[in-house]
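# Coordinate analysis (summary)
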Amino acid sequence: MEKIAYWHPVQDNMGSCQRFIKRLSDIIISAVLLILLSPVFVILYICLRSSSGKNVIFKQERIGKGGKPFMLYKYRTLKEHHEEDEPMLTPHSDPTKSTKLQLFLRKTHLDELPQLWNVIKGDMSLVGPRPERQYFIDKIMEVDHGYEYIYLMRPGVTSEATIYNGYTDTLEKMVKRLHIDIRYLQNRTLALDARIMFDTVASIIKGKKL
């Protein structure tokens, strides 16, 4: 792929006041969801523990705001004897590698629920670019150094790219996702965040593959 150049600096459209409100909203909404969904967390934990083994929560290093690494949490969606942290671009849809419950969690994105704790900790936001591993960031940066602009934002549980770009299973789609994330940075507002969250929930209910 040809390397992409940026002739003008990219600026964050969200001012300090909106960023403060966004962070406060992240904390409140995530805390409320953790309380309301606590029965779901318990049920999923018990079901995964009985069907998949004791290591129910999967942790993986991702790169966040300012280029700082953090541990992302999610429900494990691969059988324990398979490496889930090896760099790979293909979706884990192989029934030999995942149980039916794990495949269901991936399809419905319920495996992402533990990331609400990442939001409360300050690693992530409800809306923002999806966090990536350093291995793939390096690959993206080889063709588009614009990934540096992603470090201006906390990564998100969902994003515009999640809704409109689908699962990023190729480098080309990763670069396209980057451009969508940069466009979000240039245009983001609290109203836009609300629309993205609404569209995400609607897409999941409709069964759209994200």
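On a predicted model such as this, the values are computed, not experimentally measured, just so you know.

Our focus in this paragraph is the overall build of the protein chain. Scanning the protein chain from terminus to terminus reveals eight helices and four strands. Counted from the first residue to the last, the protein chain has its helices and strands arranged as α-α-β-β-α-α-β-α-β-α-α-α. Here the protein chain holds 210 residues, and the buried ones make up 42% of them. When contacts within the protein chain are restricted to residue pairs at least 6 apart in sequence, those whose partners lie at least 24 apart make up 73%.

Below, the discussion takes up the pattern of salt bridges. Enumeration according to the criterion identifies nine salt bridges in this entry. Across the salt bridge formed by Asp 12 and Arg 188, the nearest N and O atoms sit 2.6 Å from each other. Of this pair, Asp 12 sits in the segment before helix H1 (16-36) while Arg 188 sits in the loop between helix H7 (171-187) and helix H8 (190-205), and the two are 176 residues apart along the sequence. Taking relative accessible area as the criterion, Asp 12 reaches 24% and is therefore assigned partly exposed. Judged by its relative accessible area of 4%, Arg 188 is buried. Because the salt bridges share partners, they merge into one network encompassing Asp 12, Arg 19 and Arg 188.

Now for the layout of surface pockets. Volume-wise, the second largest pocket comes out at about 150 Å³. When residues of the lining of the second largest pocket are assigned to their parent elements, the largest contribution, four residues, is made by H1. When grouped by side-chain class, the residues that make up the lining of the second largest pocket number two nonpolar, one polar and seven charged.

Our focus in this paragraph is empty space enclosed by the protein. Counted according to the given criterion, the structure contains one cavity of 30 Å³ or more. Around the largest cavity sit Ile 63, Gly 64, Pro 129, Arg 130, Pro 131, Glu 132, Tyr 147, Ile 150, Tyr 151, Met 153 and Pro 155, which together line it. A class-by-class count of the residues in the lining of the largest cavity yields eight nonpolar, one polar and two charged.

On to a nonpolar patch on the surface, then. On the surface, Phe 20, Ile 21, Leu 24, Ile 28, Val 32 and Leu 36 cluster together into a nonpolar patch covering about 580 Å² of accessible area. Residue position: Phe 20 is located in helix H1.

With that out of the way, let us pick up the pairing of strand S1 (residues 57-63). With seven bridges joining them, S1 and strand S2 (residues 69-75) adopt antiparallel strand pairing. When the bridges of S2 are listed, Lys 59 appears paired with Tyr 73. Turn length for the S1-S2 hairpin, with the two strands adjacent in sequence and antiparallel, is five residues, and the turn residue Gly 66 shows positive phi of about 75 degrees.

Relative to the helices and strands, Thr 200 resides in helix H8. According to the relative accessible area criterion, Thr 200 is buried, its value standing at 9%. Once residues lying within four places of it in the same chain are set aside, the contact partners of Thr 200 are Thr 158, Ile 163 and Leu 210.

All right, on to H8 then. Two residues of an α-helix separated by three or four positions point the same way, owing to the 3.6 residues in each turn. Relative to the 22 Å expected for 16 residues at 1.5 Å per residue, H8 spans 23 Å between its end C-alpha atoms, a close match to the ideal helical length. Listed in full, the buried residues belonging to H8 are Leu 192, Asp 193, Ile 196, Asp 199, Thr 200 and Ser 203. Take H8 and look down its axis: the buried residues cluster within an arc of 130 degrees, on one side only. Turned more than 90 degrees away from the buried face of H8, the exposed residues are Ala 191, Phe 198 and Ile 205.

Across the protein chain, the average pLDDT comes to 88, with 88% of residues at 70 or higher. Model confidence for the protein chain, summarised as mean pLDDT per element, is weakest for helix H3 (residues 100-108) at 85 and strongest for strand S3 (residues 125-127) at 98.

Cut-offs applied
- Residues numbered from 1 in each chain as written.
- Predicted model: local features only at pLDDT ≥ 70, side-chain atom pairs only at ≥ 80, totals over all residues.
- Heavy atoms only, no water.
- Helix = DSSP H or I, 4+ residues; strand = E, 2+ residues; numbered from the N terminus.
- Buried < 20%, exposed > 50% of the residue type's maximum accessible area, 1.4 Å probe, protein only.
- Contact = heavy atoms within 4.5 Å.
- Salt bridge = Lys/Arg side-chain N within 4 Å of Asp/Glu carboxyl O.
- 1 Å grid on protein atoms, 1.4 Å probe; cavity = no way out; pocket = protein on both sides within 12 Å on 5 of 7 lines; lining within 4 Å.
- Points joined across faces, edges and corners; volume = space filled by probe spheres on them.
- Nonpolar A, V, L, I, M, F, W, Y, C, P; charged D, E, K, R; others polar.
- Patch = residues over 30% accessible without salt bridge, like charges linked within 9 Å, V, L, I, M, F, W, Y side chains within 5 Å.
- Areas by Shrake-Rupley, 256 points an atom, 1.4 Å probe, with all protein chains shown as cover.
- Pairing = 2+ DSSP bridges.
- Expected span 1.5 Å × (residues − 1).
- Arc of directions from axis to C-beta.
- pLDDT = per-residue confidence, 0-100.

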